[in-house]
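Chain by chain, the residues:
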Amino acid sequence: MNYKGNILAISGSLRTGSSNHNILRFLGGLVSSEVHYTIYERLADIPPFDPGLDHEHPPTAVLELRELMKDVSGIIICTPEYAFGVPGQLKNMLDWMVSSGSLVDKPVALVTASSVGSHAHAALLLTLGALSAKVIDGATLLIPFIRSKIDENGNITDQKTEKMLRDVIDVFLKEI
């Protein structure tokens, strides 16, 4: 693939060595060196959503993320499911994006990798729809029982999972 551009990858897990971060690193290894692939590492810096602060001068971390999103060709979100829902900090970040329109028509790939994950996956598809993000058909994936498919070093050990992730990134890159 001769795609050249910018991709922002966001993990719904705050833990650096999480399965979700490892999946994002794996996906990043599948893109050409001409693609600027960035894993966003500042999710924990986004303050709790407060509509009273969502104006011309929102908190610095929010403004910086909005600026990052403007300059990317697409976004990949990889997240676990916590208590049958979207991790709080990821949902909080998405709430900050509502008024800015940062995700309107922005191509998005969504991977949910967790013990189960179906509730968070469905909720995120609804949220991304509410934000008018362009969730790419064929670039969404639910990976249940992720810990049985990754080794202690974060390498994907399940061939079917690896193939599905390769398919997601291929479809995503073709669409953006």
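Before reading further, recall that the structure is shown in the block above.
Scoring rules and cut-offs
Residues numbered from 1 in each chain as written. Predicted model: local features only at pLDDT ≥ 70, side-chain atom pairs only at ≥ 80, totals over all residues. Heavy atoms only, no water. Helix = DSSP H or I, 4+ residues; strand = E, 2+ residues; numbered from the N terminus. Rg over C-alpha atoms; globule rule 2.2 N^0.38 Å. Contact = heavy atoms within 4.5 Å. Core = buried A, V, L, I, M, F, W, Y, C linked by side-chain atoms within 4.5 Å. Buried < 20%, exposed > 50% of the residue type's maximum accessible area, 1.4 Å probe, protein only.

### Details of the overall build of the protein
Inference 1: Along the protein, the regular secondary structure elements total 5 helices and 5 strands.
Inference 2: Reading the secondary structure of the protein in the N-to-C direction produces β-α-β-α-β-α-β-α-β-α.
Inference 3: In terms of overall dimensions, the protein is globule-like: its C-alpha atoms have a radius of gyration of 15 Å, near the 16 Å expected for 176 residues.
Inference 4: Along the first, second and third principal axes, the C-alpha set of the protein runs to 45 × 40 × 25 Å.
Inference 5: Contacts in the protein between residues far apart in sequence, at least 24 positions, make up 78% of those at least 6 positions apart.

### What about the nonpolar core?
Inference 1: Judged by nonpolar contacts, the single largest core of 27 residues is most densely connected at Ile23, Leu27, Tyr37, Ile76 and Leu165.
Inference 2: Elements with a contribution of two residues or more to this core: β1 (5-11), α1 (19-28), β2 (35-40), β3 (74-79), β4 (107-114), β5 (134-144) and α5 (159-175).
Inference 3: With 5 residues, α5 is the largest single contributor of residues to this core.
Inference 4: The residues contacting Tyr37, other than those within four sequence positions of it, are Ile7, Ala9, Leu24, Leu27, Gly28, Val31 and Ile76.
Inference 5: Of all hydrophobic cores here, the second largest spans 26 residues; its members include Leu43, Ala61, Leu94 and Ala133.

### Here we look at unusual backbone geometry
Inference 1: Backbone geometry at Asp105 places phi at a positive 60 degrees, although glycine is not the residue there.
Inference 2: With respect to the helices and strands, the residue Asp105 is situated in the loop between α3 (88-97) and β4.
Inference 3: By relative accessible area, Asp105 is classed as exposed at 59%.
Inference 4: Backbone geometry places Phe145, a non-glycine residue, at a positive phi of 55 degrees.
Inference 5: Mapped onto the fold, Phe145 is located in the loop between β5 and α5.
Inference 6: Relative accessible area serves as the criterion here: at 55%, Phe145 is assigned to the exposed category.

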